[in-house]
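# Overview (structure and organization)
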Amino acid sequence: MYAVLREDAFLGETHIVTGSGQGIGLAVATLLSQHGAQVAMVDLDANRLKEAAIEIKGQNAAAPLVVPADVSQEDDVQKAVAQVLEETGCINGVVNVAGVTRDARIAKKSFDDFKFVMAVHVHGTFLFTREIAAQHWHPMFKANDNQPLRDEVNRFVVNFSSVSARSGNIGQIDYTAAKGAIESMTKTTALEFAGYGVRANAVAPGPVRTPMLAQVPEQGVAAMEKRTLLGRLCEPEQMAATVAGIIDPRVSGFTTGQVFAANGGMYLD
Ligand SMILES: NC(=O)c1ccc[n+]([C@@H]2O[C@H](COP(=O)([O-])OP(=O)(O)OC[C@H]3O[C@@H](n4cnc5c(N)ncnc54)[C@H](O)[C@@H]3O)[C@@H](O)[C@H]2O)c1
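Figured I'd write up the structure that's included with this text. Keep in mind that what you see is a predicted model, and the values were worked out from it rather than measured.

The rules behind these values
- Residues numbered from 1 in each chain as written.
- Predicted model: local features only at pLDDT ≥ 70, side-chain atom pairs only at ≥ 80, totals over all residues.
- Helix = DSSP H or I, 4+ residues; strand = E, 2+ residues; numbered from the N terminus.
- Rg over C-alpha atoms; globule rule 2.2 N^0.38 Å.
- Buried ≥ 20, exposed ≤ 12 C-beta atoms within 10 Å, placed from the backbone.
- Core = buried A, V, L, I, M, F, W, Y, C linked by C-beta atoms within 7 Å.
- Contact = placed C-beta atoms within 7 Å.
- Axes fitted to C-alpha atoms, helices over the stretch in contact; angles between N-to-C directions.
- Parallel < 35°, antiparallel > 145°, perpendicular 65-115°, else oblique.
- Left-handed = near helix turned anticlockwise from the far one by under 90°.
- Nonpolar A, V, L, I, M, F, W, Y, C, P; charged D, E, K, R; others polar.
- Expected span 1.5 Å × (residues − 1).

Turning our eyes to something else, we now look at the overall build of the protein. The helix and strand tally for the protein stands at 10 helices and 7 strands. A compact globule built from 269 residues would reach a C-alpha radius of gyration of about 18 Å, and the protein, at 18 Å, matches this within 12%. Over its C-alpha atoms, taken along the principal directions, the protein stretches across nearly 55 × 40 × 35 Å. Per-residue burial over the protein gives 43% buried out of 269 residues.

Shown next, in the form of structure tokens:
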């Protein structure tokens with residue numbers, strides 16, 4: 001097992017990870033499971049999720065729940081959150097990782113592609129955030145006489161931005177718009193969810209070696225590597241470790257409403 005925190009850091013907690021069929025999401029689901037969390041894996045393809053869950057279980061970790069859903073579809077997300085609540089009785093947090101790209105310069109970008117990219121990132125992040133609040137955290141707040149929850153339970157939202165939200169990126173008018181929106185949504189979520197005892201933060205990665213990056217031509221990837229101060233790509237496991245540190249209240253318990261730049265020094269704010 002690849003431990004970055006104490007082994008039982010998330011024992012007794014339920015974490016939803018969207019986009020966990022591959023790439024960063026899969027690495028996050030694996031690491032959180034290895035640290036004791038009951039992870040609910042959300043992605044489009046049920047078979048890929050099942051295989052991934054079996055693989056995670058084989059790595060000395062709690063077996064994840066498999067919850068196939070399209071994050072951009074309201075009905076899917078409502079059902080996914082209800083299913084996780086039914087099976088576990090509690091949701092501690094969500095890592096909104098699911099993402100897509102449809103790169104093309106503005107002059108050639110179809111409106112359908114623009115809307116598709118916005119829907120997966122922005123609608124998906126909104127829908128999971130809202131549904132967990134509507135079905136779980138807000139009712140807890142009401143049951144507490146509308147008083148802030150100060151029960152020391154770990155509750156969190158971790159959203160996925162990108163270095164390109166701030167630097168811009170040719171071919172990604174839709175993706176960069178979506179990531180900028182996600183950073184703003186993270187701040188609003190932190191403000192609104194403070195009363196639920198929820199910390200809401202975002203990660204803004206630089207280039208990470210995943211199937212998404214594999215769509216970029218080799219010389220483009222080499223140029224990205226060079227643009228980082230560290231002179232290399234990030235591995236998904238390293239990004240997952242950053243996420244685990246944000247989720248763990250012992251590490252980041254006084255941090256909310258923030259965007260963590262994890263870009264190898266590619267862009268200095
Ligand atoms: N890889 C990078 O270099 C990089 C850099 C910055 C930010 N990011 C962000 O990190 C996140 C993960 O990226 P990745 O590189 O692992 O991507 P990836 O393409 O390897 O994996 C994305 C996953 O999201 C799933 N997904 C896509 N649409 C979905 C939908 N509608 N509903 C449910 N699941 C859906 C896919 O099936 C896939 O399993 C994304 O939000 C991405 O924008 C990645």
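This is not the end of the story, as more comes after the structure.
So, on to the nonpolar core. Counting 68 residues, the largest nonpolar core has V17, V28, L32, M41, V42, V158 and V243 as its most contacted members. If sequence neighbours within four positions are ignored, L32 has contacts with F10, H15, V17, A37, V39 and A244.

Let us now look at the packing of helix α3 (residues 74–88) against helix α4 (residues 111–143). When two helices pack together, their arrangement is given by the angle between the helix axes and the distance between those axes. α4 packs onto α3 with a crossing angle of 45 degrees between their chain directions and a minimal axis gap of 9 Å. Considering the angle they form, α3 stands oblique to α4. The two elements α3 and α4 cross, and the hand of that crossing is right-handed. Where α3 approaches α4, its residues E74, V77, Q78, V81, A82 and L85 are matched on the opposing element by L127, F128, E131, I132, Q135 and H136. When grouped by side-chain class, the residues that make up the contact of α3 with α4 number 7 nonpolar, 3 polar and 2 charged.

Moving on: helix α1 (residues 23–34). The α-helix advances 3.6 residues per turn, and as a result positions three or four apart in sequence lie on the same side. Taking 1.5 Å per residue as the helical rise, α1 with its 12 residues ought to reach 16 Å, and the 17 Å between its terminal C-alpha atoms agrees with that figure. α1 sits mainly inside the fold: 12 of its 12 residues count as buried. Turning to α1, its buried residues are G23, I24, G25, L26, A27, V28, A29, T30, L31, L32, S33 and Q34. Where α1 is buried, its residues meet β1 (14–18), β2 (38–43), α2 (46–57), β4 (93–96), α7 (211–214) and α9 (236–247).

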